[in-house]
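In case you want the letters, here they are:
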Amino acid sequence: MIISLVGYMGCGKSHISKILSEKINFKLIDLDKEISRRNKLTIPEIFEKKGEIYFRKLERETLEEILATEENLILSLGGGTPVYYNNMEIINNNSKSIFLRASIGTLTERLSKQKEKRPLIANISDENLPEFIAKHLFERNEFYNKALISVNTDSREPQDIVDEIVEKLYL
């Protein structure tokens, strides 16, 4: 089984995937980290040097390869991964997808502290960040909502979120 975590940047995919991986003893791959490792560039460097279209192509190729070759895996996906090509369909056909939902307020609070690591919001002022997140989330929710399972992460302990995921997956 492959379990894919989807959701907006800052929803907790990386953190939750680590705890979930340890709890059920599955390998963990963070798609962005895997792309960085293979290309010897950080995600911001790929965006800066080669552009988002190039990145999305790499992302698609890496996603397909991982889903075709791995098992007993937790796959933590980038916030934009489900939105491009027919990635969400491929994710659902080859894994159990879980949407980690978070409110605009929660996302704003988390992301305002991480802007330098996030190419899409690096140049957005703190004042404009909630509006940007709201608009972006509205556009992406159509894709995130196609996940097989949805879990709310607002004001919850990571262990409680992981326990809910395991329960919903019947593991």
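Quick look at the structure, then. (Residues numbered from 1 in each chain as written. Predicted model: local features only at pLDDT ≥ 70, side-chain atom pairs only at ≥ 80, totals over all residues. Heavy atoms only, no water.)

Overview of the sheet that holds strand β2 (residues 27-30)
Okay, step 1: Spatial strand order, β2-β3-β1-β4-β5: five strands in an open sheet with parallel pairing. The sheet is open, and its two borders are formed by β2 and β5 (149-152), each paired with just one other strand. Within the sheet, the average angular offset between the axes of one strand and its neighbour, ignoring direction, is 20 degrees.
Okay, step 2: Pairing of strand β1 (residues 2-6) with strand β3 (residues 73-76) involves four bridges; the strand directions are parallel. The residue bridging Leu-5 from the neighbouring strand is Ser-76, located in β3.
Okay, step 3: Running at roughly 160 degrees to β5, helix α8 (residues 158-169) makes contact with β1, β4 (96-101) and β5 of the sheet. (Pairing = 2+ DSSP bridges. Helix = DSSP H or I, 4+ residues; strand = E, 2+ residues; numbered from the N terminus. Axes fitted to C-alpha atoms, helices over the stretch in contact; angles between N-to-C directions. Contact = heavy atoms within 4.5 Å.)

Brief notes about the packing of helix α2 (residues 31-39) against helix α4 (residues 52-69)
Okay, step 1: Put simply, α2 and α4 touch, their axes get as near as 10 Å, and they point 105 degrees apart. If you check the angle between α2 and α4, you find them roughly perpendicular. Residues Leu-31, Asp-32, Glu-34, Ile-35, Arg-38 and Asn-39 of α2 pack against Tyr-54, Phe-55, Leu-58, Glu-59, Thr-62, Leu-63, Glu-65 and Ile-66 of α4.
Okay, step 2: Taken together, the residues that form the contact of α2 with α4 break down as seven nonpolar, two polar and five charged. (Parallel < 35°, antiparallel > 145°, perpendicular 65-115°, else oblique. Nonpolar A, V, L, I, M, F, W, Y, C, P; charged D, E, K, R; others polar.)

Observations regarding the packing of aromatic side chains
Okay, step 1: In total, this model carries two aromatic pairs according to the counting rule given.
Okay, step 2: Ring geometry for Phe-47 and Phe-55: centres 5.0 Å apart, planes at 40 degrees, overall tilted. Of the two residues examined, Phe-47 and Phe-55, each falls in the buried class.
Okay, step 3: Ring geometry for Phe-99 and Tyr-144: centres 5.2 Å apart, planes at 35 degrees, overall tilted. Of the two residues, Phe-99 sits in strand β4 while Tyr-144 sits in helix α7 (residues 129-144), which places them 45 residues apart along the sequence. Exposure class is identical for Phe-99 and Tyr-144. Each is buried. (Phe/Tyr/Trp six-rings, centres within 6.5 Å; stacked < 30°, edge-to-face > 60°. Buried < 20%, exposed > 50% of the residue type's maximum accessible area, 1.4 Å probe, protein only.)

Observations concerning unusual backbone geometry
Trans peptide bonds make up most of the peptide bonds, and negative phi angles are found at most residues other than glycine.
Okay, step 1: At Asn-72, a position not held by glycine, the phi torsion is positive, near 50 degrees.
Okay, step 2: Secondary-structure assignment places Asn-72 in the loop between α4 and β3.
Okay, step 3: A relative accessible area of 40% means that Asn-72 is categorised as partly exposed.
Okay, step 4: Here Tyr-85, not a glycine, exhibits a phi torsion of approximately 50 degrees, which is positive.
Okay, step 5: If you trace the backbone, Tyr-85 turns up in the loop between β3 and α5 (87-94).

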